[in-house]
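Each chain, written out:
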Amino acid sequence: MRILLISTAFNALTQRFYTELMDADYEVSVELHHGDREKLLAGIKLFQPDLILCPFLTRYLSAEIYTNYPCIIVHPGIKGDRGPSSLDWAIQNNLAEWGVTLFQADEEMDAGYIWSSKNFPMRTASKSSLYNREVTETAVKALWEVLTYFESPDFKAEPLDYKKADVMGQFQSFMKQHDRSINWQTQKTDDIVRYILAADGTPGVLDEIYGQAVFLYNVHKEDKLTGKAGEIIATANQAICRATIDGAVWIGHLKRKLAKGEKGIKLPSTQILKGLIPKDVNNIEIDYCQIGKQLACQELWYSLEDDIAYIHFDFHNGAMNTQQCLLMLKVYQYVATLPVKVIVLLGGENYWSNGIHLNVIEAADNSANESWHNINAINDIIYQIITTTDKLIISAMAGNSAAGGVMLALGADFIFARRGVIMNPHYKSMGGLYGSEYWTYCLPKRVGDKKAIELTEECLPISTNYALQIGLVDKVLDNNHTLFYAQVRNLTKLLISDNVLLQQILNTKSVKLCADESNKSLNLYRKDELKRMYVNFYGNDQYHKARHRFVFKISYNETPTNIALHRK
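Here goes a summary of the coordinates provided. As the structure is a computational prediction, the values presented were derived from the model and not from experiment.

Thresholds applied
Residues numbered from 1 in each chain as written. Predicted model: local features only at pLDDT ≥ 70, side-chain atom pairs only at ≥ 80, totals over all residues. Heavy atoms only, no water. Helix = DSSP H or I, 4+ residues; strand = E, 2+ residues; numbered from the N terminus. Rg over C-alpha atoms; globule rule 2.2 N^0.38 Å. Contact = heavy atoms within 4.5 Å. Areas by Shrake-Rupley, 256 points an atom, 1.4 Å probe, with all protein chains shown as cover. Core = buried A, V, L, I, M, F, W, Y, C linked by side-chain atoms within 4.5 Å. Buried < 20%, exposed > 50% of the residue type's maximum accessible area, 1.4 Å probe, protein only. Phe/Tyr/Trp six-rings, centres within 6.5 Å; stacked < 30°, edge-to-face > 60°. Pairing = 2+ DSSP bridges. Axes fitted to C-alpha atoms, helices over the stretch in contact; angles between N-to-C directions. Parallel < 35°, antiparallel > 145°, perpendicular 65-115°, else oblique. Left-handed = near helix turned anticlockwise from the far one by under 90°. Salt bridge = Lys/Arg side-chain N within 4 Å of Asp/Glu carboxyl O. Polar contact = N/O pair within 3.5 Å; in protein donor to acceptor, adjacent residues only side chain to side chain.

**Quick word on the overall build of the chain**
- In terms of regular secondary structure, the chain is built from 19 helices and 23 strands.
- Over its C-alpha atoms the chain spans a radius of gyration of 24 Å, differing by no more than 12% from the 24 Å that the globule rule assigns to 568 residues.
- Principal axes of the C-alpha set define a box for the chain whose edges measure 65 × 60 × 50 Å.
- Partitioning the intrachain contacts of the chain with sequence separation of at least 6 by distance along the chain shows that 68% fall at a separation of at least 24.
- Put simply, the chain shows about 24900 Å² of open surface, and 50% of that area lies on carbon and sulfur atoms.

And the structure:
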């Protein structure tokens, strides 16, 4: 069967559909819908699909498409829910359950015949977290149901009928900033948290701090600090703590509201407010050598369990700036001195890591220099991981990863991945970026030279099943986060339960590293990679232009040929 994915962007959900269908041997191609009707029609005509799926679509499909091809739209809402702000309203209204509905495209938005609808329990989490986890997993289950129905001649889709008892949704308008507006003098902490969660990662909640119009993101509830409602009462970990009428919240990221037509950059809060925060505001110093998480906004911490150390690095959207990399290196080096047998690198629940921080780089006075500092800082972490020979190192990937984030995981001895995680082990689509992070050493070791070239040149997302098949990961564990972490703990304990076997693994690791170093040193791998990166950063502007487009979400108005099979 030929399946065309039509999407506004090749986002995480679209990539998940793509990898699921590719793994199942469907003939899949992608057409990005940027508003050019003629280009879209030409793409469809080129591919001649048997079925069109729209995982993430913010534009209408014209009647000449859905009347000539079966078109299924993915909507993040329960039966009967309609409108573009579905998940936003569900979070802000504190609903206990929400869902995903797949229906036929029709003239009336979100009102076509229903092919599948499934619900899920809501968590207290950001919109992006719920979208990447519950919405995505539920949509994938519905996808396979739809494909089963599509091949069944007896199936009849269900018309939308608000008289039915199970049709609980309704039309909901586009959520505007006045719907999201926070009143710090009247609203309680939990309400404020929900409002910001409902707007994360887009569009953010518009507010004012020190006379600056800013959008708020990345919120965490503070349990102890209090102060005058609305005021900034502390800073820590690049976040600001703002008092409420019954407590306080940490806000990790802000974005300036600029003049019409101009776009701001989402950055750590203290970076946006640099020079504006009064000197008497308490800056809380976190002791990263202390076990556990001390503050709600803390992105990096470690925990201990018997002979196992777990390093958590839950950086916002998986991006790691120079400062964060230096801090992670410090924590890793400290944990490596502890009397433990294994270090488990846990990353975050939503993202393992996406490598260097393109937003911070874009905002820097000298983006080339900041790129250079950032790539060297993350390289330093990976060097430490690779050369730790007295302990077992495990990468446990619960969230998606890309570019240098994938390569960071490869420095470990074992890699465990949660089923459903998407990996993008490549750099080239970012303006021809060559990449570093010792990938020319670590990647071929796992998948071979030929496959390493294929992965980095084709620039396609891969599933955990495919990653396991080619040797990129060692085990694929349960899709459920709670079960995944339990399995990681059990497997880690099993690996170190036999001291003789553990010592054999460590000895083999040490001997292999020495042999590799004698053949070609790690420093030489790094030097060769950085020569190419130097050209990317300082020799031309392709990477800088691509990064600028990525940060400001500027579309190329065309579908890349690596995902558009019909346009190659």
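**Quick look at the nonpolar core**
- Of all hydrophobic cores here, the largest spans 144 residues; its most connected members are Leu216 and Met423.
- The greatest single-element share of this core, amounting to nine residues, is contributed by helix α5 (residues 127–150).
- Residues contacting methionine 423, with those up to four places away along its chain left out, are Met397, Ser401, Val406, Ala417, Leu460, Pro461, Ile462, Thr464, Ala467, Leu472 and Val473.
- Counting residues in hydrophobic clusters, the runner-up holds 19 residues, among them Ile308, Tyr310, Phe416 and Ile496.

**Quick look at the packing of aromatic side chains**
- Scanning the model with the defined rule gives 16 aromatic pairs in all.
- Seen in terms of ring centroids, tryptophan 115 and phenylalanine 150 are 6.3 Å apart; in terms of plane orientation they differ by 35°. Their pairing is tilted. Linking tryptophan 115 in strand β6 (residues 114–121) with phenylalanine 150 in helix α5, this pair joins segments that are 35 residues apart in sequence.
- For tryptophan 115, a relative accessible area of 13% puts it in the buried group.
- Residue class for phenylalanine 150 comes out partly exposed when judged on its relative accessible area of 25%.
- For the ring pair tyrosine 441 and tyrosine 525, a centre distance of 5.2 Å and an interplane angle of 55° mean the geometry is tilted.

**A closer look at the sheet that holds strand β22 (residues 462–463)**
- Strand order in the open sheet formed by four strands is β17-β19-β21-β22, with mixed pairing between adjacent strands. The sheet is open, and its two edges are formed by β17 (351–353) and β22, each paired on a single side.
- In the sheet, strand β21 (residues 422–424) pairs with β22 via two bridges, with the strands oriented antiparallel. Pairing of methionine 423 across the sheet is with isoleucine 462, part of β22.
- The sheet strands contacting helix α1 (residues 12–23) are β19 (400–402), β21 and β22, and the helix crosses β21 at an angle near 95°.

**A look at the packing of helix α11 (residues 367–386) against helix α18 (residues 522–539)**
- With their axes 11 Å apart at the nearest point, α11 and α18 run at an angle of 160° to one another. As judged from the angle between their axes, α11 and α18 are roughly antiparallel. As α11 packs across α18, the resulting crossing turns out to be right-handed. The segment α11 lies against α18, with Ala368, Asn369, Ser371, Trp372, Ile375, Asn376, Asn379, Asp380, Tyr383 and Ile386 engaging Leu522, Asn523, Arg526, Leu530, Met533, Tyr534, Phe537 and Tyr538.

**Side note on the pattern of salt bridges**
- Tallied over the entire structure, the rule returns 30 salt bridges.
- Glutamate 305 is the partner of lysine 493 in a salt bridge, and the nearest nitrogen-oxygen pair spans 3.0 Å. Remark: glutamate 305 occurs in strand β14 (residues 300–305) and lysine 493 occurs in helix α16 (residues 481–497); sequence separation between them is 188 residues.
- For lysine 512, the salt bridge goes to aspartate 516, with nearest N and O atoms at 2.8 Å. You can see lysine 512 and its partner aspartate 516 sitting in helix α17 (residues 499–519), four residues apart, about one turn around the helix.

**Section: unusual backbone geometry**
- Across the junction of aspartate 200 and glycine 201, the peptide omega takes the value -5°, indicating a cis bond.
- Although it is not a glycine, asparagine 317 adopts a positive phi angle of roughly 60°.
- Residue position: asparagine 317 is located in the loop between β15 (308–313) and α9 (322–335).
- For asparagine 317, a relative accessible area of 31% corresponds to the partly exposed category.
- For lysine 553, which is not a glycine, the phi torsion comes out positive at approximately 55°.

**Let's talk about the environment of isoleucine 196**
- Positionally, isoleucine 196 belongs in helix α7 (residues 189–198).
- In this structure, the C-alpha to C-alpha distance between isoleucine 196 and lysine 527, residues 331 residues apart in sequence, is 43 Å.
- Other than its neighbours up to four places away in sequence, isoleucine 196 contacts Ile182, Val205, Leu216, Tyr217, Asn218, Val219 and Ile251.

**With respect to the side chain of histidine 33**
- Tracing the backbone shows histidine 33 in the loop between β2 (27–32) and α2 (37–47).
- Polar side-chain contacts of histidine 33 include one of 3.2 Å to the backbone oxygen of tyrosine 60.
- Those residues within four positions of histidine 33 in sequence are excluded, and the remaining contacts are Ile6, Ser7, Thr8, Leu40, Leu57, Arg59, Tyr60 and Leu61.

**Some thoughts on the sheet that holds strand β16 (residues 342–347)**
- If you trace the six strands from one edge of the open sheet to the other, you get β14-β15-β16-β18-β20-β23, paired in mixed fashion. On the outer flanks of this sheet lie β14 and β23 (475–477), each paired with one strand and no other. The sheet shows a mean angle of 20° between the axes of neighbouring strands, taken without regard to direction.
- As judged from the three bridges shared by strand β20 (residues 414–418) and β23, these two strands associate in the parallel manner.

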